[in-house]
Amino acid sequence: MGGHSIKIELDVFGRRKKMIQIENITKIFPNGEQQDYALNQVNFEILEGEFVGIVGKSGSGKSTLLNILSGIDAPSAGSVIINGTDISRLSSRKLAKWRNREIGIVFQSFHLLPTLTLVENVMLPMEFSKFRKKKRQRALKLLEDVGLLRKADFFPDSVSGGEKQRTAIARALANNPPLILADEPTGNLDSETAKEIFTLFEQLVTQGKTMVMVTHDQDLSNKVDRTLLVKDGQVREARKLGIL
Ligand code: ADP
Ligand code: MG
């Protein structure tokens with residue numbers, strides 16, 4: 001599938017820009033006497049405007065990988081270059097600012113603040129960004145884009161799971177990041193709602209965003225541009241292996 005290539009910039013050689021460059025990433029977790037290699041010398045690239053699925057068994061290291069891409073977690077070794085920035089070189093303060101600007105994150109369990117309304121949840125990441133002066137207006141527009149304008153003043157508890165996830169997606173887009181990372185974003189949703197959320201992601205890719213989505217849903221992983229399989233500490237192209 002190559003249908004997602006609107007608004008993609010090319011470099012001076014006519015090549016698509018690299019959004020993610022992972023070089024020799026290793027992640028070790030201490031486990032009593034021994035050490036567990038969650039990821040062992042992993043290398044891959046993701047180009048701007050790609051929609052990439054990450055698959056693999058439970059405990060294979062998918063969330064670990066996503067957390068390393070967002071800088072939430074640091075690798076034990078190796079480098080992570082996102083949109084030209086080597087994030088392993090950033091101080092924690094710079095990293096937090098960078099993440100707020102460059103990455104939108106969507107979680108399985110939505111992570112909305114229950115005491116804030118939907119629009120207030122979407123406004124939150126704009127507090128310290130260039131959008132802060134227009135944050136309410138922009139948050140309302142983002143909610144409108146995901147079909148939730150009329151529920152802007154509702155609290156998370158009073159909307160459905162799909163609506164919570166739409167709100168979380170609007171929040172992920174608050175600072176207009178080029179890269180969206182989603183960790184099992186449809187894991188708590190029924191299959192019909194999951195499809196709607198996936199369609200929303202496809203629209204974002206059409207608008208030029210790069211999308212990386214961990215998923216267990218084979219229907220969805222069959223529809224993305226490319227699928228990476230995490231297994232035994234390695235990351236490989238699933239289609240080339242004939243797995244999907
Ligand atoms: P997945 O998302 O694919 O289910 P994870 O990335 O959550 O897998 O976990 C991969 C492996 O790393 C598992 O064996 C898990 O137990 C281990 N792991 C993850 N986070 C930690 C942690 N903070 N401390 C120790 N081990 C961890
Ligand atoms: Mg996980």
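About the cut-offs
- Residues numbered from 1 in each chain as written.
- Chains lettered and ligands numbered in written order.
- Predicted model: local features only at pLDDT ≥ 70, side-chain atom pairs only at ≥ 80, totals over all residues.
- Heavy atoms only, no water.
- Helix = DSSP H or I, 4+ residues; strand = E, 2+ residues; numbered from the N terminus.
- Rg over C-alpha atoms; globule rule 2.2 N^0.38 Å.
- Buried < 20%, exposed > 50% of the residue type's maximum accessible area, 1.4 Å probe, protein only.
- Areas by Shrake-Rupley, 256 points an atom, 1.4 Å probe, with all protein chains shown as cover.
- Lys, Arg positive; Asp, Glu negative; His and termini not counted.
- Charge placed at Lys NZ, Arg CZ, Asp CG, Glu CD.
- Near = heavy atom within 4 Å.
- Polar contact = N/O pair within 3.5 Å; in protein donor to acceptor, adjacent residues only side chain to side chain.
- Axes fitted to C-alpha atoms, helices over the stretch in contact; angles between N-to-C directions.
- Parallel < 35°, antiparallel > 145°, perpendicular 65-115°, else oblique.
- Left-handed = near helix turned anticlockwise from the far one by under 90°.
- Contact = heavy atoms within 4.5 Å.
- Pairing = 2+ DSSP bridges.
- Salt bridge = Lys/Arg side-chain N within 4 Å of Asp/Glu carboxyl O.

1. Description of the overall build of the protein chain
In step 1: Each helix and strand counted, the protein chain has seven helices and ten strands in total.
In step 2: For the protein chain, whose C-alpha radius of gyration is 18 Å, the value lies close to the compact-globule estimate of 18 Å for 244 residues.
In step 3: Expressed as a percentage of the 244 residues in the protein chain, the buried residues total 50%.
In step 4: Accessible area of the protein chain: about 12,400 Å², with a carbon and sulfur share of 49%.
In step 5: In the protein chain, the 35 positive side-chain charges and the 29 negative ones have mean positions that sit 6 Å from each other.

2. With respect to the site of ligand 1
In step 1: Every residue near ligand 1 is listed here: Phe29, Ala38, Lys57, Ser58, Gly59, Ser60, Gly61, Lys62, Ser63 and Thr64.
In step 2: Backbone polar atom of Gly59 to an oxygen atom of ligand 1: 2.7 Å apart, as the coordinates give it.
In step 3: With respect to ligand 1, the side chain of Thr64 contributes an N or O atom lying 2.5 Å from an oxygen atom.
In step 4: Protein chains bury 54% of the 560 Å² of accessible surface belonging to ligand 1 in isolation.
In step 5: Here the shell around ligand 1 gets three residues from one element, more than from any other, and that element is helix 1 (residues 62–70).

3. With respect to the packing of helix 5 (residues 161–172) against helix 6 (residues 191–206)
In step 1: Packing of helix 5 against helix 6 leaves a shortest axis separation of 10 Å and a crossing angle of 15 degrees. Comparing the axis directions of helix 5 and helix 6 gives the class roughly parallel. Taken as a pair, helix 5 and helix 6 cross one another with a handedness that is right-handed. Facing Gly162, Gln165, Arg166 and Ile169 of helix 5, the residues of helix 6 in contact are Thr193, Glu196, Ile197, Leu200, Phe201 and Leu204.

4. Things to note about the sheet that holds strand 4 (residues 77–82)
In step 1: Taken in spatial order, the four strands make up an open sheet running 2-1-4-5, and their pairing is antiparallel. The outermost strands of the open sheet, each flanked by one partner alone, are strand 2 (34–47) and strand 5 (85–86).
In step 2: Bridging between strand 1 (residues 18–31) and strand 4 involves five bridges; their strand directions are antiparallel. Along strand 4, the bridge assignment pairs Thr26 with Ala77.
In step 3: Packing of helix 1 onto the sheet brings it into contact with strand 1, strand 2 and strand 4, and relative to strand 1 it is tilted by some 125 degrees.

5. Brief notes about the pattern of salt bridges
In step 1: Counted according to the given criterion, the structure contains ten salt bridges.
In step 2: Here Asp145 ties to Lys141 by a salt bridge, and the two come within 2.7 Å at their closest N and O atoms. Of this pair, Asp145 and Lys141 both sit in helix 4 (residues 135–145), separated by four residues, roughly a single helical turn.
In step 3: Judged by its relative accessible area of 43%, Asp145 is partly exposed.
In step 4: Members of the salt-bridge network, linked through shared partners, are Glu50, Arg226 and Glu237.

6. Notes on unusual backbone geometry
In step 1: Positive phi, close to 70 degrees, is recorded for Phe110, a residue that is not glycine.
In step 2: Following the sequence through the fold, Phe110 ends up in the loop between strand 6 (103–107) and helix 3 (118–123).
In step 3: Positive phi is not limited to glycine here, since Asn176 has a value of about 50 degrees.
In step 4: With relative accessibility at 45%, the residue Asn176 sits in the partly exposed group.

7. Structural notes on the environment of Ser88
In step 1: As for its placement among the helices and strands, Ser88 is situated in the loop between strand 5 and helix 2 (92–102).
In step 2: By relative accessible area, Ser88 is classed as partly exposed at 43%.
In step 3: Each C-alpha atom of the pair Ser88 and Lys130 lies 24 Å from the other, and the pair is 42 residues apart in sequence.
In step 4: Setting aside anything within four residues of it in sequence, one finds Ser88 in contact with Gly78, Ser79 and Val80.
In step 5: Within polar-contact distance, the side chain of Ser88 engages the side chain of Asp86 at 2.5 Å.

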